[in-house]
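# What the coordinates show
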Amino acid sequence: MYNEYDNLSCEEQLHLTESLVRQRHNQQMFLRRNAQLLQQELELEAELLEDSPELAQVIHSFNMQEIQSNQQGLKNVLGLEESASKKQSVWSKFFPGLGG
């Protein structure tokens, strides 16, 4: 079966394989380190929130506002809110001639 490596010498194939193994190893190390940093961040955040109920309440309020804002934006984009004239479909926003 022909593949892109058939024209390479054994030495070239070995070098390419070593390079790919090194690259995969580096990606795994990066992901592992990133996961460790994220875990540390979550632990620190949990500590901060545990030590400061006021901060936890403020963050919760901000998160709720963001969720409501996102939901409102989604309703506006999808045309789910009643407009003064008529309800518009998503298609009519992007393709005015399709009706709805």
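Residues numbered from 1 in each chain as written. Predicted model: local features only at pLDDT ≥ 70, side-chain atom pairs only at ≥ 80, totals over all residues. Heavy atoms only, no water.

### Quick notes on the overall build of the chain
- A count of helices and strands for the chain gives 3 helices and 0 strands.
- For the chain, the succession of helices and strands along the chain, N to C, is α-α-α.
- Expressed as a percentage of the 100 residues in the chain, the buried residues total 2%.
- Accessible surface computed for the chain: about 9,100 Å², of which carbon and sulfur atoms make up 57%. (Helix = DSSP H or I, 4+ residues; strand = E, 2+ residues; numbered from the N terminus. Buried < 20%, exposed > 50% of the residue type's maximum accessible area, 1.4 Å probe, protein only. Areas by Shrake-Rupley, 256 points an atom, 1.4 Å probe, with all protein chains shown as cover.)

### Some thoughts on a nonpolar patch on the surface
- Taken together, the side chains of Leu44, Leu48 and Leu55 define a hydrophobic patch exposed on the protein surface, amounting to about 260 Å² of accessible area.
- Along the chain, leucine 44 falls in helix 1 (residues 10-51).
- Take leucine 44: its relative accessible area is 48%, and that puts it in the partly exposed class. (Patch = residues over 30% accessible without salt bridge, like charges linked within 9 Å, V, L, I, M, F, W, Y side chains within 5 Å. Salt bridge = Lys/Arg side-chain N within 4 Å of Asp/Glu carboxyl O.)

### Overview of the packing of helix 1 against helix 2 (residues 53-78)
- Taken N-terminus to C-terminus, the directions of helix 1 and helix 2 make an angle of 110°; their axes are 5 Å apart at the nearest point. Comparing their axes, helix 2 and helix 1 come out roughly perpendicular. Where helix 1 abuts helix 2, its residues Leu48, Leu49, Glu50 and Asp51 lie against Pro53, Leu55, Ala56 and Ile59.
- Across the contact of helix 1 with helix 2, the residue classes break down as 6 nonpolar, no polar and 2 charged. (Axes fitted to C-alpha atoms, helices over the stretch in contact; angles between N-to-C directions. Parallel < 35°, antiparallel > 145°, perpendicular 65-115°, else oblique. Contact = heavy atoms within 4.5 Å. Nonpolar A, V, L, I, M, F, W, Y, C, P; charged D, E, K, R; others polar.)

### Re a negative patch on the surface
- On the surface, Glu43, Glu47, Glu50 and Asp51 cluster together to form a negatively charged patch.
- With respect to the helices and strands, aspartate 51 occurs in helix 1.
- Judged by its relative accessible area of 63%, aspartate 51 falls in the exposed class. (Lys, Arg positive; Asp, Glu negative; His and termini not counted. Charge placed at Lys NZ, Arg CZ, Asp CG, Glu CD.)

### With respect to the confidence of the model for the chain
- For the chain, the mean per-residue pLDDT works out to 80, and 73% of the residues sit at or above 70.
- When the elements of the chain are averaged for pLDDT, helix 3 (residues 90-94) gives the smallest value, 59, and helix 1 the largest, 92. (pLDDT = per-residue confidence, 0-100.)

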